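Take a look at the letters that make up each chain.
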Amino acid sequence: MASMEKGDGFSVVEILFVMGVTSALIILGGVLAGKFYKRHSTDNVTRTISSSLQLIKLKSARQGLEYQVVLTFDSTAKTLTIVTQRGNSNRGTCSSCYITESSQIIDVKQVTLSPASKTFNFNPAGTLGGASGTVNIQPASGKNGERCGQVVVSPFGRISIVEGNWKSSSSSCSPVY
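Bear in mind the structure is a predicted one, so any value in this text is a computation, not a measurement.

J.: Would you take a moment to explain the pattern of salt bridges for this structure?
T.: Any two side chains of opposite charge can pair, given that their charged atoms come close. Counting across every chain of the model gives four salt bridges. Of the charged contacts in the structure, one is a salt bridge between aspartate 43 and arginine 147, with a shortest N-O distance of 3.1 Å. Within this pair, whereas aspartate 43 is found in helix α2 (residues 12–63), its partner arginine 147 is found in strand β7 (residues 147–153), the two being separated by 104 residues in sequence. Assigned by exposure class, aspartate 43 and arginine 147 land together as buried. For lysine 59, the salt bridge identified is with glutamate 101, shortest N-O distance 2.9 Å. One end of the pair, lysine 59, is in helix α2; the other, glutamate 101, is in strand β3 (residues 98–107), and 42 residues separate them in sequence.

J.: What is the right way to look at a nonpolar patch on the surface in this model?
T.: A grouping of Phe10, Val12, Ile15, Leu16 and Met19 is seen on the molecular surface, where their side chains present a nonpolar patch of about 580 Å² in accessible area. Mapped onto the elements, phenylalanine 10 comes out in the loop between α1 (2–6) and α2. Assessed through its relative accessible area of 70%, phenylalanine 10 is described here as exposed.

J.: Which parts of the structure should I look at to understand the pairing of strand β6 (residues 133–139)?
T.: Within a regular beta strand, the side chains point alternately toward one face of the sheet and then the other, so they alternate between its two faces. Residues of β6 alternate between two faces, with Gly133, Val135, Ile137 and Pro139 buried on one and Thr134, Asn136 and Gln138 left unburied on the opposite face. Looking at chain direction, strand β4 (residues 111–114) and β6 are connected through four bridges and run antiparallel. By the bridge assignment, valine 111 is partnered in β6 with proline 139. Note that β6 and β7 share five bridges and pair antiparallel. Across the sheet, the residue bridging to glycine 133 is valine 153, located in β7.

J.: How do you make sense of the nonpolar core when you look at a structure like this?
T.: Generally speaking, nonpolar side chains in soluble globular proteins are found buried as a group. Counting 23 residues, the largest nonpolar core has Ile49, Leu53 and Leu113 as its most contacted members. For this core, the elements supplying multiple residues, two or more each, are α2, β1 (67–74), β2 (79–87), β4, β5 (117–122), β6 and β7. Beyond its immediate sequence surroundings of up to four residues, isoleucine 49 is in contact with Leu71, Leu80, Ile82, Leu113, Val135, Ile137 and Val151.

J.: Would you take a moment to explain the sheet that holds strand β9 (residues 172–175) for this structure?
T.: Neighbouring strands of a sheet are bound in pairs by backbone hydrogen bonds; such pairs are parallel or else antiparallel. Strand order in the open sheet made by the five strands is β4-β6-β7-β8-β9, with antiparallel pairing throughout. Strands at the two margins of the open sheet, each flanked by one partner only, are β4 and β9. Strand-to-strand twist in this sheet, taken as the mean axis angle between neighbours without regard to direction, amounts to 30°.

J.: Where do I start with the pairing of β2 in this structure?
T.: When you tally the buried positions in β2, you get eight out of nine residues, the bulk of the element. Sheet topology note: the β1/β2 ladder contains eight bridges and is antiparallel. Bridge pairing links threonine 72 to threonine 81 in β2. Between β1 and β2, which pair antiparallel one after the other, the connecting turn spans four residues, and lysine 78 there sits at a positive phi close to 55°. Relative to β3, β2 runs antiparallel, the two sharing nine bridges. Bridge pairing in β3 places glycine 87 opposite tyrosine 98.

Basis of the calculations
- Each chain carries its own residue numbering, running from 1 in the written order of its sequence.
- In view of the model being predicted, local features appear only for residues whose pLDDT reaches at least 70, and side-chain atom pairs are presented and counted only at 80 or more, with totals across whole chains, interfaces and linings using the full set of residues.
- Side-chain descriptors were evaluated using all non-hydrogen atoms of the structure, hydrogens and water having been removed beforehand.
- Note on definitions: salt bridges are taken to be side-chain nitrogens of Lys or Arg within 4 Å of carboxyl oxygens of Asp or Glu.
- Helix and strand assignments follow DSSP, with helices taken as H or I runs no shorter than four residues and strands as E runs no shorter than two, numbered in order from the N terminus.
- For every residue, the accessible area obtained with a 1.4 Å probe (protein chains only) is divided by the maximum for its type, and the residue is called buried under 20%, exposed over 50%, and partly exposed between those limits.
- Two joining distances apply to patches: 9 Å for like charges and 5 Å for nonpolar side chains (Val, Leu, Ile, Met, Phe, Trp, Tyr), and every residue must have over 30% relative accessible area and no salt bridge.
- Surface exposure here means Shrake-Rupley accessible area, sampled with a 1.4 Å probe, where a residue is shielded only by the protein chains that are shown.
- Between any two strands, pairing holds if DSSP finds at least two bridges.
- To form a nonpolar core, buried Ala, Val, Leu, Ile, Met, Phe, Trp, Tyr and Cys residues must be joined to one another through side-chain atoms within 4.5 Å.
- Should any heavy atoms of two residues lie within 4.5 Å, those residues are considered in contact.
- Angles shown run from 0 to 180 degrees and are taken between the N-to-C directions of axes, each axis being a line fitted to C-alpha atoms and, for helices, limited to the stretch in contact.

So, in structure tokens, the structure goes:
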């Protein structure tokens, strides 16, 4: 009884105020986490493609065999398939035969890729054996300012990535340095 007379504890107004502030912080955290997830997803796809290409380039030079990476984007299932294959022409068996070494499927719900299919061949010297090219990673929504990326492979086998923000007005990825 004595503690009730002293006024210890919290009033209803104080409890409601704390609950309101806590709710606002939770909502703000959810919005920021969603933006981080979209950014992380786009950057993750860009870096996964780049690291797969780098790995196969090094493997080709180390083993003295040609290798290729086949990228296939399925727009309906929103998946990216990365297949790495080893060639056999240096062993005298077949100049155009490839044996699949690994295959991985990645969910890419937040992005679209163009072109939908691309193959990169690497020679034993570490240079590109086929056509060079660029893989564009764009936001699925196409909204201005969202994350985007590019993986660029030069004719000499140099692999570089560009991470940036999407410009819907010019349909391009503006690099962020």
